[in-house]
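The chain contents come next:
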Amino acid sequence: MAAVVAASGVAPVRARFVTSKEQFHAYLRDRGQEEEKEKEQEEEEVSIGQGEPPAKRVKAEGAGRDEESGEDAGAEEKEPVERKRARGQNKSRPCMKPNHYEQNRLCPSVTQGCADKCFFGPRCRFLHDVGEYMALKPPDLGHRCVLFETFGKCTYGVTCRFAQAHLGDGFQNIINTELAKQWEGKALVRNSLSKELQHQLRKRKFSFKRAEEFLRALAKPHGDGRKGGKATGCSAEEQEVSNCTRPQEGHGDDPACPVLPGQGEDPKADGLQSPSPTGDEEAPSIHTVGPVTDEDVIKLRPCEKRKLEIQGKLYLAPLTTCGNLPFRRICKRLGADVTCGEMAVCTNLLQGQASEWALLKRHHTEDVFGVQLEGAFPDTMTKCAELLNQTIEVDFVDVNVGCPIDLVYKKGGGCALMTRSNKFEQIVRGMHSVLDVPLTVKIRTGVQEKMNVAHKLIPRLREWGAAMVTLHGRSREQRYTRSADWDYIAECAQVASPMPLFGNGDILSYEDANRAMQMGVSGIMIARGALIKPWLFTEIKEQRHWDISSSERFELLRDFTNYGLEHWGSDTQGVEKTRKFLLEWLSFLCRYIPVGLLEFLPQKINERPPYYMGRDYLETLMASQNVDDWIRISELLLGPVPPGFTFLPKHKANSYR
């Protein structure tokens, strides 16, 4: 036991809790069903499933998952011999879309109450008979519908997997009119893609006047015959407002920088009203509402842009896959000050892809919210910045120059921009010229492990127009295999001054956060630490270690599933989408070691947890690194998985069996 505790890279769990892999799984297998039933009796809402208990699922399904993931019955025996460091993504993982689990689907026209006008016409492959659909529909997952209880109405009607809570005679959808009136007219989620905007983007009718003006200036040849360059694209503009390039303490303090009417209010109450705020022409396909004011036709000068006041605040990093809106709601409730949407690819946004625009959605509780863009070229990034500037409500736009994955790097985006200084400059200058909100940049120390270049780029980023820089203390080559270099982050924070610089890397406790703030950074960004324990924000603000119980952690998971059903829907597709993202989060959450079990505090982010027995069954189950146990937790919240269900985490490092 002692050897396991003292092993390098393994978290120091107290010896009496440490166990072997075989004993750990035997405990979950033998005692799981009995203790789950006791837990369900104590908590009324733990189990909402009506099918067989998770422990009685057909073993053939488990065997099928092993076969599909390329593993056989002897995988555990071979593991010590064949195990190698898991890095990158599971690119060939089995991945079924949530709608594939429902063979007989009701036509959306019937659900929305317009069955006489089917959207798909005579070629529609969906069911139109409600009685036939209800006969084939899988059994409900519970007696309570979170949408009906929260909003007084479930828009999914008979397709809801909790429909018995709000269906009357003749499958009529019941509405709680008193509760529904309280939410009437309130926009809970903003930044949705409208059909009109999607049509304009697909038909290329959207006006990019400010971006095109910058790009034309970028293409003008210089005196030496070259096109583009360091001063291109903003030369005339910079000369015009050279006395306003530094941020002022307050708007209107400098007579050379007058405040425009309505400054300080949100200029994007309706993003389609003024698609060309810099020009004196109006796009013929877009209608304006109300009188045209100076604010509609005069471009904001740099000194008049809204400032980003987030110094000293806790910033939840933009987390691909796991940083979805329901998860951000959990973190926001637990103390996160600043949130950012998942990385969105600019070319997909410009094409009007609904799946990419979903990454920009903002919940009304996110009071300081930004979006992160990824791209490799000035034209697409500048146009995308102008598009978002006109159509969505954000407090800042972030440029991803830290993404290490090959798919992004090989096309010149992400970390590759750190080695393409001309393109990088043109992107930052172009986006800064078309945005009315601050532009921030997230970078790494460099591309190669021992060749840091961030300290050279940061002063130039300040000149190009960046309002803030976030520095992840690792290079692209290091990924997450080395500790973050906070000494280098401190050096860069001095170089960046007076521009704020946020540090990022290896923060999993309030002690880590305190040490980071002592390095002179303006604030800290938290990424993996929030996935492993989202209550980290509370710990930092209250300066304590929270020995959170398994029941409290389970309630957080329940809240996440409720938020997921609100966001993705309570029909089969929405339930399985919620389950998918819950499982992705659980692949990180299992790394957390309860405070009461540690030999000494705090837990380090790069220390792998050993096999240990928790203080109760649920705590032990949550510590499991086995995919099947994560699925069992999801079944406690969302009912039995569909037949043929498979799951493998996106990140290889989380693919424990």
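Please read these numbers as outputs of a predicted model, since none were measured by experiment.

### A word on the overall build of the protein chain
In terms of helices and strands, the protein chain carries 27 helices and ten strands. When the 657 residues of the protein chain are sorted by exposure, 52% land in the buried category. In the protein chain, the share of contacts with a sequence separation of at least 24, taken over all contacts with a separation of at least 6, comes to 71%. Approximately 30600 Å² of the protein chain is accessible, and the part contributed by carbon and sulfur atoms is 49%.

### Section: the nonpolar core
Judged by nonpolar contacts, the single largest core of 156 residues is most densely connected at Phe424, Met431, Ile443, Leu501 and Ile524. The leading source of residues in this core is helix α25 (residues 572-589), at eight residues. Discounting residues that sit within four places of it in the chain, Ile524 has contacts with Lys313, Leu314, Tyr315, Trp486, Phe502, Gly503, Ile507, Ala513, Ala516, Met517 and Ile540.

### Observations concerning the side chain of Arg161
The residue Arg161 is located in the loop between α7 (146-151) and α8 (177-183) in this model. Of the side chains with opposite charge, Asp140 lies nearest to the buried Arg161, which makes no salt bridge, at 5.0 Å. Within the local environment of Arg161, its side chain forms a polar contact with the backbone oxygen of Pro139, the two atoms lying 2.8 Å apart. Within the structure, Arg161 has its side chain in polar contact with the side chain of Thr572 (distance 3.2 Å). Contact partners of Arg161, with chain neighbours within four places excluded, come to Lys137, Pro138, Pro139, Asp140, Leu141, Gly142, Ser570, Asp571, Thr572 and Val575.

### Observations concerning the UniProt feature "zinc finger region: C3H1-type" (unreviewed entry) in the protein chain
The residues that UniProt annotates with the feature "zinc finger region: C3H1-type" (unreviewed entry) are residues 101-131 and 144-169. From the first C-alpha to the last, residues 144-169 spans 18 Å; its make-up is 23% helix and 0% strand.

Rules used throughout
Residues numbered from 1 in each chain as written. Predicted model: local features only at pLDDT ≥ 70, side-chain atom pairs only at ≥ 80, totals over all residues. Heavy atoms only, no water. Helix = DSSP H or I, 4+ residues; strand = E, 2+ residues; numbered from the N terminus. Buried < 20%, exposed > 50% of the residue type's maximum accessible area, 1.4 Å probe, protein only. Contact = heavy atoms within 4.5 Å. Areas by Shrake-Rupley, 256 points an atom, 1.4 Å probe, with all protein chains shown as cover. Core = buried A, V, L, I, M, F, W, Y, C linked by side-chain atoms within 4.5 Å. Lys, Arg positive; Asp, Glu negative; His and termini not counted. Salt bridge = Lys/Arg side-chain N within 4 Å of Asp/Glu carboxyl O. Polar contact = N/O pair within 3.5 Å; in protein donor to acceptor, adjacent residues only side chain to side chain. UniProt positions renumbered as here; feature names shortened; annotations may be inferred.

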